[in-house]
Each structure stands twice: as C-alpha cells, then as structure tokens.
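Reading the structure
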Amino acid sequence: MARVVVDVMLKPEILDPQGQAVADALPRLGVTGVTSVRIGRRIELEFEGTPELATVNELADRLLANPVIEDYAVTMPPETEAA
Amino acid sequence: MRIGVVTFPGSLDDVDAARAVRYAGAEPVALWHADDNLHGVDAIILPGGFSYGDYLRCGAIARFAPVMESVADAARGGAPVLGICNGFQVLCEAHLLPGALTRNQHLHFRNRDQRLRIESTATAWTNAYDQDQEVLIPIKSGEGRYVADPATLDELEAAGRVVARYVGGNPNGSQRDIAGVANEAGNVVGLMPHPEHAIDTLTGPSTDGLGFFTSALKHLAGVSG
C-alpha cells in the first residue's frame, strides 16, 4: 500500500478570506507579528500498489484541485515505503 | 420547446427553475444527474443548490456526473445552457465557462434581493432584456465571488461576455462586480443570482427574472425559424 499526499493551496494572487479571518483572530491569543495566513487542503490517497505519479497528477488536475484558482503538489511521504 | 432542468443530489431550486420554464411558456423536462442522455430537450438549466454536498469545491463533483457529458456536448453544439448559482459553479468547474466562484469576501452567506444591470443582450438567455436594463433578482450564496485572472477578465469585458453586473453594492466581492458571464458563442451563461425566484410577485421581489427564460425561447425560435 502506498500513500500519496496532494497539497492544494489557493494561488497566491487569489484572496483567501478564511485565512484572513484566522489572521485577524491571532492577536486575541496574544500573538502578534503574523503577517499572513493562507489555508489550504491536504488530501491523502491510499493505493493498493504503487501508483503512477502521472495518474495522481491527473486526478489532482481534474478533480482534487481547480487549476484556475489553486496550485497543487503531489508527494509520496517516505514513511509509507517502510510501512 | 422543451427545456431540461437537471437535478443533482443536493439540488434545491430545480422545482422553481421548472416552474419558471412553465411560466415562460415552455415545457420543463426533469433530467437526473445519472441520465446518459438529455431526452431530446432544446435547452438545459443547471439549478441552484448544493450538488453532491458541494464537497471538495462547489460543483467539483457534479461536473463529473454522467449527465454532464451530454450537457457539455450540447453546450459545445450550441444548445442554450444556463447555470444558476450552483449551476454556474458547475459550469466553471466543467470549463464550459471561464473563471471560478470562491468564498464570499466577507465570509457571510448573502441572502437578499439584488439589483443587477444586464450588460449583454447578445446571449441566448438575455436577448429579451434591454441593454443596461436594471433588474431586481434574489441572490443567496456563500461562494459567489467571481474570480478570473486579469487577462481573462479583460477579454470577457472586451468581448461583451460579462452578462450582468451587481448594482447598488457588490454582495460577495466579485471581481469587477461580475454577477454572470457567457461563453464565446453566447449560448452558455452562468449567473449567481436566481432569476427563477423572481417570476411572480407572490413569491419574489419582482418578475424581472422571467426574461432569462423567455430569452431562451426567443433564441430557440430564431434558430429553428
């Protein structure tokens, strides 16, 4: 079994009002000096065998992310090799 | 004229859309998300709601519903297709319209009667309006902020593909106050507010929305005549 992680983030130029709301809340915790908060999504997929990276990229491009507004990165965490 | 209204799991406004079609003088045809054909309809409406729970992103999963293959083929073939609210999100996810709809800038769900200016009467869904006519139509959405890259926005404006703009306050932070856009051919239109809720003063703030549906009939009559 192999785990593949797809990290999806709004493109830098796309406004992230959720991140903004969190940034605005941080001073209530006494934390100042945070200049930006951006919120993304981590998607973990588990495959029976070792998946083709091209397949995962296609899934990310067509469904998991919307390339019009989001960037994505596909990674295979090394710990899954040992597990 | 037969106008299909697609019901996805989680669609809310399919019945109102069908009612609007009937008010406009056409026959509404119920289409199901799992249908593999369009039952011979002349035009298609993707209604508002929360298709497939709007999981992942609004419209992202609905875009891969079996019926969407036929809808995309029909859209590319020139059939009038109108996406309202969630339907607009589905059309953007399906790349039948440019851009995307994102979380409202102020993070609040916005539900109010909204003034719009009809900026293009050249589409299959707006030809019954006058240029720059102002209409009052309800909006109810949490993810209605239209975004696209500046080049796309410029192109849309230059080609007259901005169908409607918000007037009297932008309800969601949409770029350039955009409430609706059309594809290049003008047969596919997406609109965030709900014209199907403004066809009878008993149930809506105006009857201004009816024009979207009569436009499609006018367009179809012109095509076949």
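Residues numbered from 1 in each chain as written. Chains lettered and ligands numbered in written order. Predicted model: local features only at pLDDT ≥ 70, side-chain atom pairs only at ≥ 80, totals over all residues.

Some thoughts on the overall build of chain B
Formally: Strands are runs of DSSP state E lasting at least 2 residues, helices are runs of H or I lasting at least 4, and numbering of each runs from the N terminus. Think of it as a crowd count around each C-beta: if 20 or more other C-beta atoms lie within 10 Å the residue is buried, if 12 or fewer it is exposed, and in between it is partly exposed, with C-beta placed from the backbone throughout. Whether two residues are in contact is decided by their C-beta atoms, placed from the backbone, lying within 7 Å.
Along chain B, the regular secondary structure elements total five helices and 11 strands. Relative to its full complement of 225 residues, chain B shows a buried share of 57%. Looking at chain B alone, contacts between residues at least 24 apart form 75% of all its contacts between residues at least 6 apart.

Description of the overall build of chain A
For the record, the criterion: Atoms counted for the radius of gyration: C-alpha only. Globule rule: 2.2 Å times residue count to the power 0.38.
Per the secondary structure count, chain A includes three helices and three strands. Reading chain A from its N end, one meets helices and strands in the order β-α-β-α-β-α. Here the C-alpha atoms of chain A give a radius of gyration of 16 Å, more than 25% beyond the 12 Å that 2.2 N^0.38 yields for 83 residues. Each of the three principal axes of chain A carries a C-alpha extent, and together these read 45 × 30 × 15 Å.

Here's the deal with the pairing of strand S1 (residues 2-7) of chain B
Residue and element names in this part refer to chain B. As a reminder of what qualifies: By the convention used here, strands pair only if DSSP detects at least 2 bridges between them. Here is how to tell: hold the view so the strands point away, follow the path from the first strand over the helix to the second, and if it runs clockwise the crossover is right-handed.
S1 sits mainly inside the fold: five of its six residues count as buried. As defined by bridge partners, S1 adjoins strand S2 (residues 27-32) across six bridges and the pair is classed as parallel. Along S2, the bridge assignment pairs Arg2 with Glu27. With helix H1 (residues 14-24) bridging S1 and the parallel S2, this β-α-β connection has right-handed handedness. Sheet topology places S1 next to strand S3 (residues 43-46); three bridges connect them, and they run parallel. In the sheet register, Gly4 faces S3, and the bridge partner there is Ile44.

With respect to helix H2 (residues 66-76) of chain B
All names here are of chain B. Short version of the rule: Directions are taken from the helix axis to each C-beta atom, and the arc is the one they span.
If you check which residues of H2 are buried, you get Val67, Met68, Ser70, Val71, Ala74 and Ala75. Within H2, the buried residues cover an arc of 160° as seen down the axis, which keeps them to one side. Facing away from the buried side of H2 by more than 90 degrees, the exposed set consists of Pro66 and Asp73. Structurally, H2 contributes buried residues whose contacts are with S1, S2, S3, strand S4 (81-84) and strand S11 (188-191). The first or second residue beyond H2 is Gly78, which carries a positive phi of 105°.

Some details on the sheet that holds strand S2 (residues 41-47) of chain A
Residue and element names in this part refer to chain A. Selection criterion: Angles here are taken between N-to-C directions and fall from 0 to 180 degrees, while the axes themselves are lines fitted to C-alpha atoms, restricted in helices to the stretch in contact.
Across the sheet, which stays open at both edges, the three strands sit in the order S2-S1-S3 with antiparallel pairing between neighbours. What marks the edges here is a single partner per strand, and that holds for S2 and strand S3 (70-75). Recorded for the sheet is a direction-independent mean angle of 20° between the axes of neighbouring strands. Note that strand S1 (residues 2-10) and S2 share seven bridges and pair antiparallel.

Structural notes on the confidence of the model for chain A
Applicable threshold: On a scale of 0 to 100, pLDDT captures the predictor's confidence in every residue.
Across chain A, the average pLDDT comes to 92, with 94% of residues at 70 or higher. Averaged pLDDT values for the elements of chain A fall to 53 in helix H3 (residues 79-82) of chain A and rise to 97 in S3 of chain A.

Digging into the interface of chain A and chain B
Spelled out, the test is: Throughout, the ten residues Ala, Val, Leu, Ile, Met, Phe, Trp, Tyr, Cys and Pro are labelled nonpolar, Asp, Glu, Lys and Arg are labelled charged, and all others, Gly among them, are labelled polar.
Contact with chain A, which involves nine residues of that partner, is made by 10 residues of chain B. With three residues, helix H1 (residues 17-25) of chain A is the single largest residue contributor to the side of chain A that touches chain B. When its residues are assigned to classes, the side of chain A that touches chain B shows seven nonpolar, two polar and no charged.

Describing the sheet that holds S3 of chain B
Residue and element names in this part refer to chain B. Ordered by their spatial adjacency, nine strands build an open sheet running S2-S1-S3-S4-S11-S10-S9-S6-S7, and the pairing between neighbours is mixed. Edge positions in the sheet fall to S2 and strand S7 (134-141), since each of these pairs with one other strand and no more. With direction set aside, neighbouring strand axes in the sheet form an average angle of 25°. Along the sheet face, H1 touches S1, S2, S3 and S4 and points at about 175° away from the line of S1. The strands touched by helix H3 (residues 86-93) within the sheet are S3, S4 and S11, with S4 carrying the most contacts at an inclination of about 120°.

Some details on the nonpolar core
Here is the rule: What we call a nonpolar core is a set of buried Ala, Val, Leu, Ile, Met, Phe, Trp, Tyr and Cys residues whose membership is set by joining through C-beta atoms within 7 Å.
With 75 residues, the main nonpolar core has Val21, Ile44 and Leu91 of chain B as its most contacted residues. Every residue in contact with Ile44 of chain B, bar those within four places of it in the chain, is listed here: Gly4, Val6, Leu38, Val71, Ala74, Ala79 and Val81 of chain B. Listed in part, the seven residues of the second largest apolar core include Val4, Leu64, Tyr72 and Val74 of chain A.

Some details on the environment of Glu196 of chain B
Residues and elements named next belong to chain B. Topologically, Glu196 is positioned in the loop between S11 and helix H5 (210-224). A tally of 30 C-beta atoms within 10 Å means that Glu196 is categorised as buried. Put simply, Glu196 and Tyr23 are 173 residues apart on the chain and 9.8 Å apart in space, counted from C-alpha to C-alpha. Filtering out sequence-adjacent residues up to four positions away, Glu196 remains in contact with Asp13, Asp16, Ala17, Ala20, Ile84 and Gly209.

Section: the environment of Leu217 of chain B
Residue and element names in this part refer to chain B. Considering the arrangement of structural elements, one finds Leu217 in helix H5. Take Leu217: there are 21 C-beta atoms within 10 Å of it, and that puts it in the buried class. It is 8.2 Å that separates the C-alpha atoms of Leu217 and Gly25, two residues lying 192 residues apart in sequence. Not counting the four nearest positions on each side in its chain, Leu217 is found in contact with Met1, Ala24, Gly25 and Ala26.

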